[in-house]
Amino acid sequence: MTDWPDLAGRLEEGGHALPVRVYYEDTDFTGIVYHGAYVRFFERARSDFLRLIGIHHAEMAEGAHGSSLAFAVRSMTLDFQKPARIDDVLEVHTSLSEYKGARIKLDQLIYRGEELLVSAAVTVAIITSEGRPTRLPQVLAEKLQLHAPGESSGD
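Worth saying up front: this structure is predicted, and the values here are computed from it rather than measured.

A.B. asks: Explain the nonpolar core here, please?
C.D. replies: A general tendency of soluble globular proteins is for nonpolar side chains to be buried together. Counting 34 residues, the largest nonpolar core has Phe-41, Phe-71, Leu-136 and Leu-144 as its most contacted members. No other element matches the 7 residues that helix α1 (residues 35–52) contributes to this core. Ignoring sequence-local partners within four residues, the contact set of Leu-136 consists of Met-60, Phe-71, Tyr-99, Ile-126, Ala-141 and Leu-144.

Right, here's the structure in full:
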């Protein structure tokens, strides 16, 4: 099997970038990206950002760092500015805006070249397998804090 180092995008100063191509399945009958597809693009980018900084969903779910944990989207605000179309190559940018307690806030932007198409403000909660909010284990919190803005903390 070929190792694709760029499959998960890349870490950049201030966050993460993930290229995404628009396929037929992402569009409505007019060839414009269906609004729900952007949510999938944002989800992929968040997952790959976390993976590249060393926070793996499967390990968390398996309890590799203590009890079984998961991320749950608490809120997401989307702002649609311009449409993407079939065959467009987009870039999803993800940056951590705040990490505190059991809550992670991220800013996500989708560009086509230099053109901003969609932005999202996302709040994710860390939860136990019972659905209760909890803090990340210290080893994972330290990885996340390396990408936090200056005033944020895991306290």
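A.B. asks: What is the right way to read the sheet that holds strand β3 (residues 69–80) from this model?
C.D. replies: Strand pairing in a sheet relies on backbone hydrogen bonds. The paired strands run either parallel or antiparallel. In space, the 6 strands of this open sheet follow the order β1-β2-β4-β5-β6-β3, with antiparallel pairing throughout. Strand pairing shows two members of the sheet lacking a second neighbour, β1 (10–12) and β3, which therefore form its edges. Direction aside, the axes of adjacent strands within the sheet are offset by 30° on average. Bridge analysis of strand β4 (residues 89–100) against strand β5 (residues 103–112) gives 9 bridges, and the strand direction is antiparallel. The residue of β5 that forms the bridge with Lys-100 is Arg-103. Along the sheet face, α1 touches β1, β2 (15–21), β3, β4, β5 and β6 (115–128) and points at about 135° away from the line of β2.

A.B. asks: I tried to follow the packing of aromatic side chains on my own but got confused; where do I start?
C.D. replies: Within a pair of aromatic rings, the relevant descriptors are the distance that separates the centres and the angle that separates the planes. On inspection of all chains with the given rule, the structure shows 2 aromatic pairs. Where Tyr-38 meets Phe-41, the ring centres are 6.2 Å apart and the plane angle is 85°; that geometry is what we call edge-to-face. Of this pair, Tyr-38 and Phe-41 both sit in helix α1, 3 residues apart, roughly one helical turn. A relative accessible area of 2% places Tyr-38 in the buried class. On the basis of relative accessibility, which here comes to 0%, the residue Phe-41 falls in the buried class. One aromatic cluster is present, formed by Tyr-38, Phe-41 and Phe-80 through successive ring pairs.

Conventions used here
Residues numbered from 1 in each chain as written. Predicted model: local features only at pLDDT ≥ 70, side-chain atom pairs only at ≥ 80, totals over all residues. Heavy atoms only, no water. Core = buried A, V, L, I, M, F, W, Y, C linked by side-chain atoms within 4.5 Å. Buried < 20%, exposed > 50% of the residue type's maximum accessible area, 1.4 Å probe, protein only. Helix = DSSP H or I, 4+ residues; strand = E, 2+ residues; numbered from the N terminus. Contact = heavy atoms within 4.5 Å. Pairing = 2+ DSSP bridges. Axes fitted to C-alpha atoms, helices over the stretch in contact; angles between N-to-C directions. Phe/Tyr/Trp six-rings, centres within 6.5 Å; stacked < 30°, edge-to-face > 60°.

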